[in-house]
Amino acid sequence: MYPVPVAGVRELLVTSGSTMAAAEVARQMSEGARNLSLSGHVGFDSMPDQLVNKSVCQGFCFNILCVGETGLGKSTLMDTLFNTRFEGDPAAHNQPGVHIKSNNYELQESNVRLKLSIVNSVGFGDQINKEESYKSIVEFIDAQFEAYLQEELKIKRTLHNYHDSRIHVCLYFIAPTGHSLKSLDLVTMKKLDSKVNIIPIIAKADSISKNELQKFKIKIMSELVSNGVQIYQFPTDDETVAEINGTMNAHLPFAVVGSTEEIKIGNKMMKARQYPWGTVQVENENHCDFVKLREMLIRVNMEDLREQTHARHYELYRRCKLEEMGFKDTDPDNKPFSLQETYEAKRNEFLGELQKKEEEMRQMFVMRVKEKESELKEAEKELHDKFDRLKKLHQDEKKKLEDKKKSLDDEINAFKQRKTAAELLQSQAQQSGSQQTLKRDKERKNSGFL
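Caption draft 1: Up close: a negative patch on the surface. Where like charges cluster on the molecular surface, the negative patch consists of Asp237, Asp238, Glu239 and Glu307. Its location among the elements puts Asp238 in the loop between α6 (210–226) and α7 (239–249). Classification of Asp238 as partly exposed rests on a relative accessible area of 37%.

Caption draft 2: The arrangement of the pattern of salt bridges in detail. Scanning all chains against the criterion turns up 18 salt bridges. Across the pair Asp206 and Arg273 runs a salt bridge whose closest N-O atoms are separated by 3.9 Å. Of this pair, Asp206 sits in the loop between β5 (198–202) and α6 while Arg273 sits in strand β8 (residues 268–275), and the two are 67 residues apart along the sequence. A cluster of three or more residues bridged by salt bridges with shared partners is formed by Lys217, Glu285, Asp289 and Lys292.

Caption draft 3: Spatial organisation of the sheet that holds strand β4 (residues 169–174). One open sheet accounts for six strands, arranged β2-β3-β1-β4-β5-β6; its pairing is mixed. Strand pairing shows two members of the sheet lacking a second neighbour, β2 (99–109) and β6 (254–255), which therefore form its edges. The pairing of β5 with β6 spans two bridges and is classified as parallel. When the sheet's bridge partners are listed, Ile202 is paired in β6 with Ala255. Against the sheet, helix α5 (residues 183–192) makes contact with β1 (60–67), β4 and β5, and its axis sits at roughly 170 degrees relative to β4, the strand it touches most.

Caption draft 4: Spatial organisation of the environment of Phe234. Counting through the fold element by element, Phe234 comes out in the loop between α6 and α7. In this structure Phe234 comes out as buried when scored by relative accessible area, which is 2%. For the pair Phe234 and Met248, spaced 14 residues apart in sequence, the C-alpha separation works out to 7.6 Å. Beyond its immediate stretch of four places on either side in the chain, Phe234 contacts Ile199, Asn245, Met248, Asn249, Leu252, Phe254, Met296 and Asn301.

Caption draft 5: Representation of the nonpolar core in the model. Counting 75 residues, the largest nonpolar core has Leu171, Ile199 and Phe254 as the members making the most contacts within it. Broken down by element, the residue count for this core peaks at seven residues, all from helix α4 (residues 135–152). When sequence neighbours within four positions are dropped, the list of residues in contact with Ile199 reads Val169, Cys170, Leu171, Tyr172, Tyr232, Phe234, Leu252, Phe254, Leu293 and Leu297.

Caption draft 6: Representation of the packing of α7 against helix α8 (residues 290–300) in the model. Orientation of α7 relative to α8, taken along the N-to-C sense of each, is 140 degrees, at an axis distance of 11 Å. By the criterion of interaxial angle, the relationship of α7 to α8 is oblique. As α7 runs across α8, the sense of the crossing is left-handed. Facing Val241, Ile244, Asn245 and Met248 of α7, the residues of α8 in contact are Lys292, Met296, Arg299 and Val300.

Caption draft 7: Highlighting the confidence of the model for the protein chain. When pLDDT is averaged along the protein chain, the result is 84; 86% of the residues meet or exceed 70. At the level of individual helices and strands, the protein chain shows its lowest average pLDDT in helix α1 (residues 22–30), which scores 55, and its highest in β4, which scores 95. Taken as a whole, residues 1–21 scores under 50 in pLDDT and shows 15 contacts with residues more than four places along the chain or in a different chain.

Caption draft 8: Seen up close, unusual backbone geometry. Here the residue pair Leu252 and Pro253 is connected by a cis peptide bond, since its omega of -10 degrees sits within 30 degrees of zero. Here Pro253 is to be found in the loop between α7 and β6. Phi angles above zero are rare outside glycine, and Ser110 is one such case at about 60 degrees. In this fold, Ser110 is placed in the loop between β2 and β3 (112–122). Although it is not a glycine, Lys204 sits at a positive phi angle of roughly 50 degrees. With respect to the helices and strands, the residue Lys204 is situated in the loop between β5 and α6. Take Lys204: its relative accessible area is 41%, and that puts it in the partly exposed class.

Caption draft 9: Seen up close, a nonpolar patch on the surface. Taken together, the side chains of Phe350, Leu351 and Leu354 define a hydrophobic patch exposed on the protein surface, amounting to about 270 Å² of accessible area. Taking relative accessible area as the criterion, Leu354 reaches 43% and is therefore assigned partly exposed.

Caption draft 10: Highlighting the packing of aromatic side chains. Inspection of every chain in the model, using the stated rule, returns ten aromatic pairs. Ring geometry for Tyr148 and Tyr314: centres 5.0 Å apart, planes at 85 degrees, overall edge-to-face. Of the two residues, Tyr148 is situated in helix α4 and Tyr314 in helix α9 (residues 302–324); the sequence distance between them amounts to 166 residues. Each member of the pair, Tyr148 together with Tyr314, is buried. Aromatic side chains Phe234 and Phe254 sit 6.1 Å apart centroid to centroid with 20 degrees between the ring planes, which places their arrangement in the stacked category. One end of the pair, Phe234, is in the loop between α6 and α7; the other, Phe254, is in strand β6, and 20 residues separate them in sequence. Residue class for Phe254 comes out buried when judged on its relative accessible area of 0%. Among the aromatic side chains, those forming a connected cluster through ring pairs are Phe145, Tyr148, Tyr162, Tyr314 and Tyr317. Arg166 extends its terminal NZ or CZ atom over the ring of Tyr148, reaching a point 3.7 Å from the ring centre.

The rules behind each value
- Note on numbering: residues in each chain are counted from 1, in written sequence order.
- Per-residue local features of the predicted model are confined to residues with pLDDT of at least 70, and side-chain atom pairs are confined, for both listing and counting, to 80 or more; whole-chain, interface and lining totals are unaffected and use all residues.
- As a convention, hydrogens and water are excluded, and side-chain values are obtained from all of the structure's heavy atoms.
- For patch building, the residue pool is restricted to those with more than 30% relative accessible area and no salt bridge; the joining distance is 9 Å between like charges and 5 Å between nonpolar side chains (Val, Leu, Ile, Met, Phe, Trp, Tyr).
- Working definition of accessibility: Shrake-Rupley area with a 1.4 Å probe, residue cover restricted to the visible protein chains.
- Put simply, a salt bridge is a Lys or Arg side-chain nitrogen that is within 4 Å of an Asp or Glu carboxyl oxygen.
- Under the counting rule used here, the positive set is Lys and Arg, the negative set is Asp and Glu, and His together with the chain ends is not counted.
- Each charge is placed at NZ for Lys, CZ for Arg, CG for Asp and CD for Glu.
- Put simply, DSSP H or I for four residues or longer makes a helix, DSSP E for two residues or longer makes a strand, and each gets a number counted from the N terminus.
- Remark: exposure states derive from per-residue accessible area (1.4 Å probe, protein chains only) relative to the maximum for the residue type, with buried under 20%, exposed over 50%, and partly exposed in between.
- For two strands to be treated as a pair, DSSP must find no fewer than two bridges joining them.
- Residue contacts follow a heavy-atom distance rule, with two residues in contact if any of their heavy atoms lie within 4.5 Å.
- To define axes, lines are fitted to C-alpha atoms, for helices over the stretch in contact only, and angles between the resulting N-to-C directions are given on a 0 to 180 degree scale.
- Nonpolar core, defined: a set of buried Ala, Val, Leu, Ile, Met, Phe, Trp, Tyr and Cys residues in which side-chain atoms within 4.5 Å join the residues together.
- Roughly parallel means an angle under 35 degrees; roughly antiparallel, over 145; roughly perpendicular, 65 to 115; everything else is oblique.
- Helix crossings are classified by the rotation of the near helix relative to the far one: an anticlockwise turn of less than a right angle makes the crossing left-handed, while a clockwise turn makes it right-handed.
- What pLDDT conveys is the predictor's confidence in a given residue, as a value from 0 to 100.
- Pairs were defined over the aromatic rings of Phe, Tyr and Trp, the Trp ring being its six-membered one, requiring ring centres within 6.5 Å. Orientation was assigned from the angle between planes: stacked under 30 degrees, edge-to-face over 60, tilted for the rest.
- Two limits define a charge over a ring: the Lys NZ or Arg CZ must be within 6 Å of the ring centre, and within 35 degrees of the ring normal.

Okay, here's the thing in structure tokens:
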């Protein structure tokens, strides 16, 4: 019971422990006391309403990661879940690797606004070598955790209007083979189970018979348990949803069919897929588990998925990251650690390592310089030796050329002397010949006269 505000009465009247009788209260109120009428209900039981109003004003965010091979109907299922045709181009099968594509949407239902992010693993399972197909997905999830952690570690934090991009749920699409899980599926889910809430679903469940589908579900759950894969279990600790969540846990993995095409069945337009042999109604629980998935994912457990992401997966990442950085809650004596002391210790340790590395680099630099100097001196010595050899070789060649030139000059001089002597002899011979010719001419003339 809450206190009754009365003008002129300073005391608080509480039912438990009060010694004032009801008649005394009535008497005081009748002695000219003015009654005040309340404008509304008074009490702290209105706090849930305040939280609801605040949350509605701020809006909500929800991030879904769709993992599965190309062509399993991931985009179609998202359109069917939120009754909206999201924009997007179909993915090709010739991707060289797996890359992450994220699309953000603003949805509103009644007066509730939802910031929805749909993240798709484009090209997953299309490569011949699928060994590292999961790495880009794990790196993307860790990147969102790291971004949130960096925002938390800021001095001036703005978490109230920070766009939370952490993945709240991973819908893992399993091909309806009817046999067993592929190695790629087991490895990927094992790598993701500690980082995100995994809900396995059997895609295109209308391509497998009812009996085979039930056996396939049992086979999948058996393989997940035997391989230690932790999937998301709908919580049963809340009495209001314990019964429905416990029932739905037994239906995992959900066998779903998606379709945005509406077909008239009876007097109603219903989402369905038309085949030559009949019609598969998406929202008929006898045909598939789409309604179960929608109930569990959106209506019942959306807030729990957000809470599990923050309280379990993000906290695990945060703890591991801070431990890597050297932060601890207690020292070896189980005494609480001061953040300032831890920071100073890590800073001093880092500076010590930095100085040590600097000294090592300096010594290495000096050693490299000495080695280089010795190499340069050796090279210089080799160059001097080579120069001396070339100089000596040059001098020897020069001497040989000078000797050869001298011998050639002597030959030229001897040749000139021989040439001069020959020319002299030739001129003398010509002179003697001309004299003999003149002498014969004279004798002819003389003989003719006679």
